[in-house]
Amino acid sequence: MDRRTVLRATVAGGAAAFAGSLWSGAASAAPAQPGTGPYGPLGSADGNGIQLPAGFTSRVVARSRQTVPGTSYTWHPAPDGGACFAAGTGWIYVSNSEVTPSGGASAVRFAADGTVTSAYRILSGTNQNCAGGATPWGTWLSCEETSRGFVYETYPQGGTAAVQRPALGRFKHEAAAADPARQVIYLTEDETDGCFYRFRPTVWGDLSAGTLEVLVAGTATSGPVSWARVPDPDGSPTATRNQVAGAKRFTGGEGCWYADGTCWFTTKGDNRVWAYDAVGQRIDLAYDDSLVTGGAAPLTGVDNITGTRSGDLYVAEDGGNMEINLITPSGVVTPFLRITGQSSSEITGPAFSPDGSRLYFSSQRGTAGLSAGGITYEVRGPFRS
């Protein structure tokens, strides 16, 4: 049987419903299938080359190697993972720089009306900063996508030096997501035989010490899982992913997002979105392009992921049709936006402003197809709450 047939047989029944403690309003059936989304079809490309549903508009916030409008700060190349943080009556959007050397991360501060008030560096001297994740205490975890890379805890408000956090393990880090209920940080690994990890701090809110664990399970795409301690988080001489027998392998871990008892993460090698039920201690497939039952799969090249209070997931494509796709709680997957004329790029860093009214993201290499050509955007519109 081909991969599609095998997966359908495997998924039938066991992952039929996203049961138990999953995100409130989570998909009633899995994996997600193409359908009509809540915002309708995409319109023609706007002046920024972005196709959006009716009622939505876009603007350019920053361009790599150029001064951020309204500031004197030069935006970094190859913008990647990002997140938003409340800041007084406004907010801050942080963005990694996926280059070597001197990747790091930058921030843009917005006033209450969306005006850019400042931009600045929050991390310097690091390499290949890909994705990461926000913490409940208001810091940004910037992850190095290098062999034995580090996680750096950074401070979006500025004025505080970033701190290296080796206790979170040294491996090819991709993304992170905080689970305040279980007081752990989930971590993805961008290797073809990578793993899915969680870090249990000794003291919640302090990432200087704790226990790194790896998810242990069989080869099935759904079912119960357990966790085992990684003996040597330093990953030398034995890589962290090879230290625990039975550690489940994932083909290229990418984005990671936690909400209401569920950690959603993506794997690019098989175009999957996974759901880890943190209460029920099981995994299921939320989306797999090989399990689309009719027509072409709308979502390919899965990468960064974020979510909203309404229960919607937004998944960015690395390549594909240069889209951000929406997966609804009812299990419908559909394009939300498409960037035209940038086929040599990828979409990175989707994140919503604290009030949910604005979506930020980047085209990592822009129209030029080069790291120096990155573009960071904002989309406004009637997002459902």
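Parameters at a glance
- Residues numbered from 1 in each chain as written.
- Predicted model: local features only at pLDDT ≥ 70, side-chain atom pairs only at ≥ 80, totals over all residues.
- Heavy atoms only, no water.
- Pairing = 2+ DSSP bridges.
- Helix = DSSP H or I, 4+ residues; strand = E, 2+ residues; numbered from the N terminus.
- Axes fitted to C-alpha atoms, helices over the stretch in contact; angles between N-to-C directions.
- Phe/Tyr/Trp six-rings, centres within 6.5 Å; stacked < 30°, edge-to-face > 60°.
- Buried < 20%, exposed > 50% of the residue type's maximum accessible area, 1.4 Å probe, protein only.
- 1 Å grid on protein atoms, 1.4 Å probe; cavity = no way out; pocket = protein on both sides within 12 Å on 5 of 7 lines; lining within 4 Å.
- Points joined across faces, edges and corners; volume = space filled by probe spheres on them.
- Nonpolar A, V, L, I, M, F, W, Y, C, P; charged D, E, K, R; others polar.
- Salt bridge = Lys/Arg side-chain N within 4 Å of Asp/Glu carboxyl O.

A.B. asks: Please set out the sheet that holds strand β4 (residues 79–87) residue by residue, giving values where relevant.
C.D. replies: In spatial order, the strands read β4-β5-β6-β7; together these four strands make up an open sheet with antiparallel pairing. Pairing within the sheet leaves two strands with one partner each, and these edge strands are β4 and β7 (116–123). Recorded for the sheet is a direction-independent mean angle of 20 degrees between the axes of neighbouring strands.

A.B. asks: Kindly report on the packing of aromatic side chains, identifying the contributing residues and their values.
C.D. replies: Taken as a whole and assessed by the stated rule, the structure comprises 28 aromatic pairs. A ring pair is formed by Y314 and F352, whose centres lie 5.1 Å apart and whose planes are at 70 degrees; its orientation type is edge-to-face. Within this pair, whereas Y314 is found in strand β23 (residues 313–317), its partner F352 is found in strand β26 (residues 347–352), the two being separated by 38 residues in sequence. Across this residue pair, the class does not change: Y314 and F352 are buried.

A.B. asks: Tell me about empty space enclosed by the protein, and please be specific about residues and values.
C.D. replies: Within this structure, the stated rule accounts for two cavities of 30 Å³ or more. Forming the boundary of the second largest cavity are G37, P38, Y39, G40, P53, L326, T334, P335 and F336. With three residues, strand β25 (residues 332–339) is the single largest residue contributor to the lining of the second largest cavity. Considering only residue class, the lining of the second largest cavity consists of six nonpolar, three polar and no charged.

A.B. asks: Go over the pattern of salt bridges, please, and point to the residues and values.
C.D. replies: Applying the stated criterion across every chain yields a total of 19 salt bridges. One salt bridge in this structure joins E378 and R358, with 3.3 Å as the shortest N-O distance. In this pair, E378 sits in strand β28 (residues 375–380) while R358 sits in strand β27 (residues 358–363), placing the two residues 20 residues apart along the sequence. Residue classification places R358 among the buried positions, given a relative accessible area of 5%. Ionic contacts of the salt-bridge type, sharing partners, join the residues E189, E191, D193 and R241 into one network.

A.B. asks: Give a description of unusual backbone geometry that names residues and reports values.
C.D. replies: A cis amide bond links T100 with the next residue in sequence, P101, at an omega value of -5 degrees. Here P101 shows up in the loop between β5 (90–97) and β6 (105–110). With omega at 5 degrees, the peptide bond leading from S236 into P237 counts as cis. Mapped onto the elements, P237 comes out in the loop between β17 (226–229) and β18 (253–259). The phi dihedral of A78 falls on the positive side, at around 45 degrees, and the residue is not glycine. Along the chain, A78 turns up in the loop between β3 (57–63) and β4. One non-glycine residue, Q183, adopts positive backbone phi at about 55 degrees. With respect to the helices and strands, Q183 occurs in the loop between β12 (173–179) and β13 (184–189).

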